[in-house]
Amino acid sequence: MELRKIDDNTWEIPKEGEMRVPAVIYSSARLLEDIRRDQTLTQARNVACLPGIVRYSYVMPDAHQGYGFPIGGVAAFGLDEGIISPGGVGYDINCGVRLLKTDYDESEVTAKRKELLAEIFREVPAGVGKGGVTKLSRSVLKEVLVRGAEWAVENGYGRAEDLERTEERGRMAEAEADGISERALERGIPQLGTLGAGNHFLEIQKVLEIYDETAARTFGLHAAGQVLVMIHCGSRGLGHQVATDYIEAMENAFGVAGLPDRELVHAPFMSPEGQRYYRSMCAAVNYAFANRQMIAHWVRDVFARVLGSAKGMDQVYDVCHNVAKVEEHEDGGRSRRLVVHRKGATRSFGPGRPEVPARYRSVGQPVIIPGSMGTASFLLAGTKEAEGLSFGSTAHGAGRVMSRHEALRRFRGEKIRDDMARRGIELKSTSWKGVAEEASEAYKDVDEVVRVSDQVGLGRLVAKVVPIGVMKG
Amino acid sequence: MERYRILPHTADGKFQAFGRTLEEAFGNAALAMASLMWDWEKVGRRVRHFIHVKAIDREQLLVKFLSEIIFLFGTKSFLLGRVEGLRIRPEFSGLSLEALLEGEVLSDAHELHGDVKAVTYHDLKIEACDGFTVQVVVDM
């Protein structure tokens with residue numbers, strides 16, 4: 001495929017054939033080697049063919065092959081002439097990351113980190129087939145779907161000020177529970193308040209390095225050694241079922257003829273099918289916000305119990321990295337509302353945007369980019385330029401480069417645990433096999449991903465954090 | 001005859017399943033998917049679920065059939081051990097499938113080693129050549 005180099009970190013697939021717009025890839029030459037190895041670029045080109053696409057089909061630096069849309073893909077569509085696609089959001093709707101700060105220094109936590117982790121492991125259900133402790137009725141679940149983290153806070157999980165530090169204030173207002181199937185509800189009932197498995201994790205971290213003092217201070221990060229907690233999970237089986245249900249509904253309504261890939265099935269945004277999917281997707285987004293809200297609450301409880309206090313454990317932010325949202329963006333010199341799909345991509349709004357919480361509006365929104373298990377993660381700040389470059393979006397993590405199968409062949413969970421212990425990182429998991437599958441060698445170099453993000457201007461580096469305790473589902 | 005083969009895939013789970021008939025290939029695809037989560041050969045036959053799904057074409061039928069197994073695992077902690085009496089029939093507007101799924105409810109006696117979350121159309125293939133081969137990628 002023809003790839004035109006624009007600069008060291010920007011590449012373009014020129015418009016050709018059925019493409020309605022060109023595709024733009026933000027990547028270093030090194031990351032591009034991985035990107036070229038799988039179907040990422042073909043998928044980015046397929047996205048560029050979809051009706052109503054605006055500007056470009058964008059690819060973030062951590063991109064890899066997904067279903068239909070690439071993971072690390074961003075695409076926006078006009079509301080009237082454009083489409084919405086479950087494949088542009090992904091199966092784990094509102095898979096995302098929440099970051100809590102503490103006022104503890106590493107020195108106050110190190111001796112107790114084993115106990116902290118063991119207690120968190122007891123409090124937060126995780127792993128395959130593991131249900132939650134909260135038994136929900138159908139009517140309460142529907143309330144969760146409509147009200148998201150707001151429901152959780154009202155029911156004693158966390159603090160009211162957590163909401164203003166959550167994307168969408170923890171609740172997408174367009175959510176409707178009526179379009180959620182019985183099957184999705186059934187899958188959702190036992191899993192609220194659970195971490196899940198796969199690449200989902202919970203980490204106790206410490207700040208390693210601060211790059212931008214002003215932004216770090218604004219986000220509540222003061223110095224190297226400060227202890228943080230990061231939670232990475234999503235909407236569990238409920239979100240997956242919503243995606244499965246609406247892919248089928250759209251196939252049945254519009255057929256699959258002419259699609260280069262059936263995972264690209266879509267509906268006009270304003271059609272009944274498009275609207276039903278959008279409102280149901282918003283409900284799944286809310287479920288995931290409530291999920292992370294509950295987990296954060298239990299983590300604070302454990303800190304209070306083990307260390308005597310959860311004081312200062314404020315939420316830094318909570319970001320979605322699998323979502324479609326209606327947002328205001330510039331297009332051809334005028335501002336218009338678009339439905340922006342971010343699949344494995346994080347919103348990265350800069351200073352001044354009304355969506356950014358007032359307390360962060362001078363520096364841009366916090367962008368949380370988790371690394372792979374046991375490696376560094378990063379805190380970035382959104383930028384004004386990103387709006388022009390990528391509809392205000394950047395990367396979402398490291399991105400896999402090795403199959404689970406291959407990782408299992410090469411690594412052993414117990415050995416990874418011992419290696420991490422030698423580096424001062426405590427690890428607890430429900431499955432050693434799962435640990436082997438998530439070996440950091442199976443992922444891209446997250447340092448390189450955030451470096452590109454910073455250089456291009458998609459998100460500005462604020463701080464680097466490293467784990468001291470890891471809980472893997 | 002080999003029932004299935006697990007293939008390498010960067011982010012998720014991929015497999016091919018084989019059968020002399022389409023029905024047999026679908027049944028083996030169910031076992032292949034189960035093998036990504038638990039050892040189906042060690043699962044008894046104490047619980048039965050009868051399933052019936054309808055679809056517009058064979059591809060959708062396969063996705064919906066395999067999705068049933070994920071659904072039963074997620075909501076009833078059902079571990080599939082065996083597929084009986086799988087029948088595929090033409091319908092007025094597509095196809096239907098019925099089957100009896102036999103297995104057990106998850107207990108401490110079982111070990112889980114993976115979480116299949118959804119069945120995708122990515123690289124999905126159903127080929128008739130010397131019997132049937134189906135290929136599926138699942139989201140893990």
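The rules behind each value
- Residues numbered from 1 in each chain as written.
- Chains lettered and ligands numbered in written order.
- Predicted model: local features only at pLDDT ≥ 70, side-chain atom pairs only at ≥ 80, totals over all residues.
- Helix = DSSP H or I, 4+ residues; strand = E, 2+ residues; numbered from the N terminus.
- Contact = placed C-beta atoms within 7 Å.
- Pairing = 2+ DSSP bridges.
- Axes fitted to C-alpha atoms, helices over the stretch in contact; angles between N-to-C directions.
- Expected span 1.5 Å × (residues − 1).
- Buried ≥ 20, exposed ≤ 12 C-beta atoms within 10 Å, placed from the backbone.
- Nonpolar A, V, L, I, M, F, W, Y, C, P; charged D, E, K, R; others polar.
- Parallel < 35°, antiparallel > 145°, perpendicular 65-115°, else oblique.
- Core = buried A, V, L, I, M, F, W, Y, C linked by C-beta atoms within 7 Å.
- Left-handed = near helix turned anticlockwise from the far one by under 90°.
- pLDDT = per-residue confidence, 0-100.

A look at the overall build of chain A
Argument step 1. Each helix and strand counted, chain A has 16 helices and 19 strands in total.
Argument step 2. Along the three orthogonal principal directions, the C-alpha set of chain A runs to about 60 × 50 × 50 Å.
Argument step 3. Taking the intrachain contacts of chain A between residues at least 6 apart in sequence as the baseline, contacts between residues at least 24 apart amount to 77%.

Comments concerning the sheet that holds strand S12 (residues 322-331) of chain A
Residue and element names in this part refer to chain A.
Argument step 1. Taking strand neighbours across the sheet as the criterion, the seven strands line up as S1-S2-S3-S4-S5-S13-S12 in an open arrangement whose pairing is mixed. Two strands close off the open sheet at either side, each with one partner strand: strand S1 (4-7) and S12. For this sheet, the mean angle separating the axes of adjacent strands, direction not counted, is 25°.
Argument step 2. In the sheet, S12 pairs with strand S13 (residues 334-343) via 10 bridges, with the strands oriented antiparallel. When the sheet's bridge partners are listed, Val-326 is paired in S13 with Val-339.
Argument step 3. Strands in contact with helix H16 (residues 446-456) are strand S2 (10-13), strand S3 (23-26) and strand S4 (57-64); relative to S4, the strand with the most contacts, it is inclined by about 145°.

Thoughts on helix H10 (residues 236-254) of chain A
Residue and element names in this part refer to chain A.
Argument step 1. The first and last C-alpha atoms of H10 sit 28 Å apart over 19 residues, in line with the 27 Å expected at 1.5 Å per residue.
Argument step 2. Across the 19 residues of H10, 15 count as buried, placing the element largely inside the fold.
Argument step 3. Once H10 ends, the next one or two residues include Gly-255, with phi positive near 75°.

A closer look at the sheet that holds strand S4 (residues 78-91) of chain B
Residues and elements named next belong to chain B.
Argument step 1. The three strands are arranged S3-S5-S4 in an open sheet whose pairing can be described as antiparallel. Two strands lie at the open edges of the sheet, namely strand S3 (47-55) and S4, each paired on one side alone. Each strand of the sheet is rotated relative to its neighbour by a mean of 15°, with strand direction disregarded.
Argument step 2. Here helix H2 (residues 58-76) sits on the sheet and contacts S3, S4 and strand S5 (94-105); the angle it forms with S3, its principal contact strand, is near 145°.

Considering the interface of chain B and chain A
Argument step 1. Every contact between the two is made by 27 residues of chain B and, on the other side, 31 residues of chain A.
Argument step 2. The dominant element in the side of chain B that touches chain A, judged by the number of residues it contributes, is H2(B), at seven residues.
Argument step 3. Tallied by class, residues from the side of chain B that touches chain A come to 12 nonpolar, 11 polar and four charged.

Overview of the pairing of strand S19 (residues 459-472) of chain A
Residue and element names in this part refer to chain A.
Argument step 1. When you tally the buried positions in S19, you get 13 out of 14 residues, the bulk of the element.
Argument step 2. Judged from the nine bridges that link them, strand S8 (residues 201-210) and S19 form a sheet pairing that is antiparallel. Counted as the bridge partner of Gln-205 is Pro-467 from S19.
Argument step 3. Here six bridges tie strand S16 (residues 377-382) to S19, and the two strands are oriented antiparallel to one another. Paired with Ser-377 across the two strands is Val-465, which belongs to S19.
Argument step 4. The pairing of strand S18 (residues 426-429) with S19 spans four bridges and is classified as parallel. Bridge pairing in S19 links Lys-428 to Met-471.

A closer look at the packing of helix H5 (residues 138-147) of chain A against helix H11 (residues 272-307) of chain A
All names here are of chain A.
Argument step 1. It is the contact of H5 with H11, at a shortest axis distance of 6 Å, that shows an interaxial angle of 100°. Overall, the two elements H5 and H11 adopt an arrangement that is roughly perpendicular. From H5, Val-144, Leu-145, Val-146 and Arg-147 reach across to H11, where they touch Ala-283, Asn-286, Tyr-287 and Ala-290.
Argument step 2. Residues belonging to the contact of H5 with H11 are distributed by class as follows: six nonpolar, one polar and one charged.

Focus on the environment of A:Asp318
Argument step 1. Summarising the element assignment, A:Asp318 is placed in strand S11 (residues 315-320).
Argument step 2. For A:Asp318, a count of 28 C-beta atoms within 10 Å gives the class buried.

Re unusual backbone geometry
Among all residues except glycine, the phi angle is most often negative; among peptide bonds, the trans geometry is most common.
Argument step 1. Positive phi outside glycine occurs at A:Arg236, with the angle close to 55°.
Argument step 2. By the element assignment, A:Arg236 lies in helix H10.

Re the nonpolar core
Argument step 1. The biggest cluster of nonpolar side chains holds 202 residues, and the ones touching the most others in it are A:Met281, A:Val285, B:Ala29 and B:Leu66.
Argument step 2. For this core, the element with the highest residue contribution is H11(A), accounting for 18 residues.
Argument step 3. Not counting the four nearest positions on each side in its chain, A:Met281 is found in contact with A:Val89, A:Ile93, A:Val242 and A:Ala324.

As for the packing of helix H4 (residues 113-123) of chain A against H11(A)
Residues and elements named next belong to chain A.
Argument step 1. Where H4 contacts H11, the axes come no closer than 9 Å and their chain directions differ by 140°. One element, H4, and the other, H11, form an angle in the oblique class. Remark: the crossing between H4 and H11 carries right-handed chirality. Only Trp-298, Val-299, Asp-301, Val-302, Phe-303, Arg-305 and Val-306 of H11 make contact with H4, whose side of the interface consists of Glu-115, Leu-116, Glu-119, Ile-120 and Glu-123.

A look at the confidence of the model for chain B
Interpreting fine coordinate detail is not advised for predicted regions of low pLDDT.
All names here are of chain B.
Argument step 1. On average, residues of chain B score 94 in pLDDT, and 99% of them reach the 70 mark or higher.
Argument step 2. Across chain B, element-level confidence peaks in helix H1 (residues 22-35) with a mean pLDDT of 98 and bottoms out in strand S1 (residues 4-7) with 94.
Argument step 3. Reported confidence for the predicted complex is 0.93 by ipTM and 0.96 by pTM.

Some details on the environment of A:Cys233
Residue and element names in this part refer to chain A.
Argument step 1. Looking at where Cys-233 falls in the secondary structure, it is placed in strand S9 (residues 226-233).
Argument step 2. Residue class for Cys-233 comes out buried when judged on the 27 C-beta atoms lying within 10 Å of it.
Argument step 3. Considering only alpha carbons, one finds Cys-233 and Phe-201, 32 residues apart in sequence, at a separation of 6.9 Å.
Argument step 4. The contact partners of Cys-233, leaving out residues within four places of it in the chain, are Leu-195, Gly-196, His-200, Asn-291 and Arg-292.

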